[in-house]
There are 4 protein chains.
Amino acid sequence: MLDSVKALNALASLNRWAGFEVIRSDSGESELRMVWRDTDMGQYAGFLHAGMIAAMLDTACGFAAVTLSGHVMASNFSMSCLAPAVGNEFVAHGHVVKAGRRQVFTTAELYAHRAGADPKLVAMGTTILVPTGEPLSVSPAPAGSAGR
Amino acid sequence: MLDSVKALNALASLNRWAGFEVIRSDSGESELRMVWRDTDMGQYAGFLHAGMIAAMLDTACGFAAVTLSGHVMASNFSMSCLAPAVGNEFVAHGHVVKAGRRQVFTTAELYAHRAGADPKLVAMGTTILVPTGEPLSVSPAPAGSAGR
Amino acid sequence: MLDSVKALNALASLNRWAGFEVIRSDSGESELRMVWRDTDMGQYAGFLHAGMIAAMLDTACGFAAVTLSGHVMASNFSMSCLAPAVGNEFVAHGHVVKAGRRQVFTTAELYAHRAGADPKLVAMGTTILVPTGEPLSVSPAPAGSAGR
Amino acid sequence: MLDSVKALNALASLNRWAGFEVIRSDSGESELRMVWRDTDMGQYAGFLHAGMIAAMLDTACGFAAVTLSGHVMASNFSMSCLAPAVGNEFVAHGHVVKAGRRQVFTTAELYAHRAGADPKLVAMGTTILVPTGEPLSVSPAPAGSAGR
């Protein structure tokens, strides 16, 4: 399953650009890691851009959902930014709350990691995903696929 | 005012990377344009990534808010994805609904533009922003500032 | 159509208790009125309770949706409270933004009316509704139905 | 603290009408119970009305927040309805995620209880609350106050 989700991750050009790394993805749970770059991920004050916070939360929700429901499309997304997103790397944890036939309800949290400090919760989000009906391919990703 | 917001836009490294262009920003309204790139902005199926949809909606909300309330930080963001975000370029329109002293309530819509077709509403969002108390600089952007 | 939605309104026991009155409901739009009662609708400071604000916004969204999509169930609801909800009566306006086959996206605004003052926007909301597949009955409501 | 929150609960006329009972409220957590009445709490199909789901989630969030931040006003509220809200009684659990000076971020879950069955999660929500600056009175509620 993890290989299938890694292959799915590699299909998304933004995920490759951002360097999203799938650490875990099974049984309705996921974990996604990204290393901070100040050259192209910041908002005006130099914190992680809200769009990247959203991208990580939404993707973690999606990678939790696909383990139970196959391919999905984001329908509704909401997040609260709890603290300035400052760190060397960021880790998002996604969870399926309910995998319905027509809608999958998920939540996620984003933690900022800094050298020598405990991970800090900087944002939390909720995503509603709609299954497309297409099953997640469980065959191994093709050799040479990007981002693996 | 437009020059000040363009200068603010140029401070954000993600905005420069994405090529966000501020078309309008005054009196609680804003308009933001971005040209699509399939090399680094897509989700797995090749549509605009939900994180970029969020980035555009949230930024348009912020650039509407700064015209009335000075510098702001995103606190809560929500969006609905109404249709697959497919287009050659995308334009977000932001609006202030209420500029309170402690919270600024804003909404935005994202339109996909395709050659030979009417713009299509693909997403709508709501952002709550918190004023930092720092006024928006109204001096002209420094000569040579990036992206403008 | 208005009679059908009035009949639907009369089926909901909370709507009868609250005295919801359907003023308009057609073509993806609705208007819902309620007279304020301080005896059972208030929060601790005497304003309209957030639950009643939600009830009016969500119901106005639903009554806009049924005109296009038949019976629906609320799936996701969000609202922002823009000002203390104080008034003699409240009017909610609902609008369909997109009536999809699996999800209907709607928005609503709530206005407080006070004698001698302009209506004041006190809250805005967004509801995602899921069609149940059951068409809205367009026959007249049965004689003697409650709340009419 | 529990007595103070019970006194606050008794000040809200909707809470008295609905029979909200504060079971727990301390250290950023709360628990709120309500007995179902089909005569005035239902939507058209006879389930608990979305407005009452919102009222319980929002109130549980508020009663978690007041334990840390004094009096608060709801600013933004969102919820997902996960399953039809059918039960003999309903219990909402509220939690503070972050108690900031200007905004308090909270979440809540609503469980439906039915005789002979396990409690069922029917809805989850998020509320952003703004402290009014007024401390929660910690004196005992007046003798004879309603709803205790």
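Residues numbered from 1 in each chain as written. Chains lettered and ligands numbered in written order. Predicted model: local features only at pLDDT ≥ 70, side-chain atom pairs only at ≥ 80, totals over all residues. Heavy atoms only, no water.

**So, the overall build of chain A**
Put simply, the rule is: In this text, helices come from DSSP runs of H or I with a minimum length of four residues, and strands from runs of E with a minimum of two, each type numbered from the N-terminal end. Only C-alpha atoms enter the radius of gyration, while the globule expectation follows 2.2 Å times N to the 0.38, with N the number of residues.
Counting its secondary structure elements, chain A contains 3 helices and 6 strands. From first element to last, N terminus to C terminus, chain A shows the α and β order α-α-β-β-α-β-β-β-β. Whereas a compact globule of 148 residues would reach a radius of gyration of roughly 15 Å, chain A reaches 15 Å, a difference of no more than 12%. Overall, the C-alpha framework of chain A stretches about 40 × 35 × 25 Å when taken along its three principal axes.

**Some words on the relation of the copies chain B and chain A**
Put simply, the test is: When the copies are superposed, the least-squares fit takes in the C-alpha atoms of residues with a pLDDT of at least 70 in both. Between two residues, a contact is recorded if the distance between any of their heavy atoms is within 4.5 Å.
For the pair chain B and chain A, the superposition axis carries a translation of 0.0 Å, the fit reaches an RMSD of 0.0 Å, and the rotation angle comes to 180°. In short, the pair behaves as if placed about a two-fold rotation axis. Residues of chain B ranked by C-alpha distance from the rotation axis are headed by S78 of chain B, positioned 2.0 Å from it. A shared interface surface links the copies, since 100% of the contact residues of chain B are contact residues in chain A too.

**Re the interface of chain B and chain A**
Put simply, the test is: Put simply, buried area is how much 1.4 Å-probe accessible surface two parts lose in total, over both of them, once they are put together. A carboxyl oxygen of Asp or Glu within 4 Å of a side-chain nitrogen of Lys or Arg is what we treat as a salt bridge. Distance and chemistry together define a polar contact, namely a pair of N or O atoms within 3.5 Å, with one atom able to donate a hydrogen and the other to accept it when in protein, and with adjacent residues in sequence counting only for side-chain atoms on both sides.
Chain B puts 36 residues into the contact, and the matching count from chain A is 36 residues. Together chain B and chain A conceal approximately 2,700 Å² of surface at their shared face, both sides included; 59% is due to carbon and sulfur atoms. When the area that chain B buries against chain A is broken down by residue, the three leading residues are L14, Y44 and H49 of chain B, summing to 24%. At the boundary of chain B and chain A, one finds 0 salt bridges. Remark: the boundary between chain B and chain A carries 22 residue pairs in polar contact (both at pLDDT 80 or more). Those elements that provide at least two residues to the side of chain B that touches chain A are α1 (2–11), α2 (13–18), α3 (50–69) and β3 (72–81) of chain B. The greatest single-element share of the side of chain B that touches chain A, amounting to 10 residues, is contributed by β3 of chain B.

**Concerning the packing of aromatic side chains**
Where we set the bar: Each pair of aromatic rings taken from Phe, Tyr and Trp, with Trp reduced to its six-membered ring, is defined by centres within 6.5 Å and is described as stacked if the planes are under 30 degrees apart, edge-to-face if over 60, and tilted in the remaining cases. For every residue, the accessible area (1.4 Å probe, protein chains only) is compared with the maximum for its type, and the residue is labelled buried under 20%, exposed over 50%, or partly exposed between those bounds. Here, a charge over a ring is recorded when the distance from Lys NZ or Arg CZ to the ring centre is within 6 Å and its angle to the ring normal is within 35 degrees.
Applying the stated criterion across every chain, the model contains 5 aromatic pairs over all chains. A centroid spacing of 3.7 Å and a plane angle of 10° characterise the contact between W17 of chain C and W17 of chain D, whose relative ring orientation is stacked. Of this pair, W17 of chain C sits in helix α2 (residues 13–18) while W17 of chain D is found in helix α2 (residues 13–18), placing the two residues in two different chains. With a relative accessible area of 14%, W17 of chain C lands in the buried category. When the ring of F77 of chain C is compared with that of F77 of chain D, the centres are 6.5 Å apart and the planes differ by 50°; the resulting orientation is tilted. Of this pair, F77 of chain C sits in strand β3 (residues 72–81) while F77 of chain D sits in strand β3 (residues 72–81), on two different chains. F77 of chain D shares its class with F77 of chain C; the two are buried. Above the ring of W17 of chain A, the side-chain terminus of R37 of chain A is found at 5.2 Å from the ring centroid.

**Focus: the relation of the copies chain D and chain B**
The two copies are related by a screw motion: chain D maps onto chain B through a turn of 180° and a shift of 0.0 Å along the axis, at an RMSD of 0.0 Å. Most of the interface of chain D is mirrored in chain B: 100% of its interface residues are interface residues there too.

**A word on the interface of chain D and chain B**
The partner chain B presents 8 residues to the 8 residues of chain D that form the contact. Approximately 730 Å² of surface area, both sides summed, lies buried where chain D meets chain B, with 42% of it carried by carbon and sulfur atoms. Put simply, chain D and chain B have 0 salt bridges between them. Inspection of the region where chain D meets chain B yields 4 residue pairs in polar contact (both at pLDDT 80 or more). For the side of chain D that touches chain B, the secondary structure elements donating two or more residues are β3 and β6 (120–131) of chain D. With 3 residues, β6 of chain D is the single largest residue contributor to the side of chain D that touches chain B.

**Focus: the side chain of T106 of chain A**
Residue and element names in this part refer to chain A. With respect to the element layout, T106 can be found in strand β5 (residues 104–113). Judged by relative accessible area, T106 falls into the buried class, the value being 0%. Here T127 takes part through its backbone oxygen, which lies 2.8 Å from a polar atom of the side chain of T106. For T106, the contacting residues outside a window of four places in its chain are C61, A65, H95, V96, V97, G125, T126, T127 and L129.

**What about the pattern of salt bridges?**
If the charged atoms of two oppositely charged side chains come close together, the side chains can form a pair. Applying the stated criterion to the full structure yields 16 salt bridges over all chains. One salt bridge connects D40 of chain C with R37 of chain C, and the closest N-O pair in it is separated by 3.0 Å. On the basis of relative accessible area, D40 of chain C is assigned to the buried category, the value being 11%. The salt bridge partner of R33 of chain D is E21 of chain D, with a shortest N-O separation of 2.9 Å. With R33 of chain D in strand β2 (residues 29–35) and E21 of chain D in strand β1 (residues 21–26), this residue pair connects regions lying 12 residues apart in the sequence. Under the relative-accessibility criterion, E21 of chain D is labelled partly exposed at 38%. One connected set of salt bridges, linked through shared partners, spans E21, R33 and E89 of chain A.

**A few points about the confidence of the model for chain A**
The predicted coordinates of low-pLDDT regions are not to be read in fine detail. All names here are of chain A. Spelled out, the test is: pLDDT gives the predictor's per-residue confidence on a scale running from 0 to 100.
When pLDDT is averaged across chain A, the result is 93; 93% of the residues are at 70 or more. Here residues 141–148 is a poorly scored stretch, pLDDT under 50, and it has 8 contacts once near neighbours within four places are set aside; other chains count. Per the prediction output, this complex has pTM 0.93; the corresponding ipTM is 0.92.

**As for unusual backbone geometry**
One non-glycine residue, S27 of chain A, adopts positive backbone phi at about 50°. In this structure, S27 of chain A sits in the loop between β1 (21–26) and β2 (29–35).

**Some words on the sheet that holds strand β5 (residues 104–113) of chain C**
Strands pair in a sheet through their backbones, by hydrogen bonds, and they do so in one of two ways: parallel or antiparallel. Stated formally: Any two strands with at least two DSSP bridges between them are considered paired. Here an angle of 0 to 180 degrees is reported between the N-to-C directions of two axes, which are lines fitted to C-alpha atoms, with helices fitted over the stretch in contact.
Strand order in the open sheet made by the 12 strands is β1(C)-β2(C)-β4(C)-β5(C)-β6(C)-β3(C)-β3(D)-β6(D)-β5(D)-β4(D)-β2(D)-β1(D), with antiparallel pairing throughout. Looking at strand neighbours, the two that pair on one side only are β1 (21–26) of chain C together with β1 of chain D, the edges of this open sheet. Taking each pair of neighbouring strands and ignoring which way they run, the sheet shows an average axis angle of 20°. Strands in contact with helix α3 (residues 50–69) of chain D are β1, β2, β3, β4 (89–99), β5 (104–113) and β6 of chain D; relative to β4 of chain D, the strand with the most contacts, it is inclined by about 45°.

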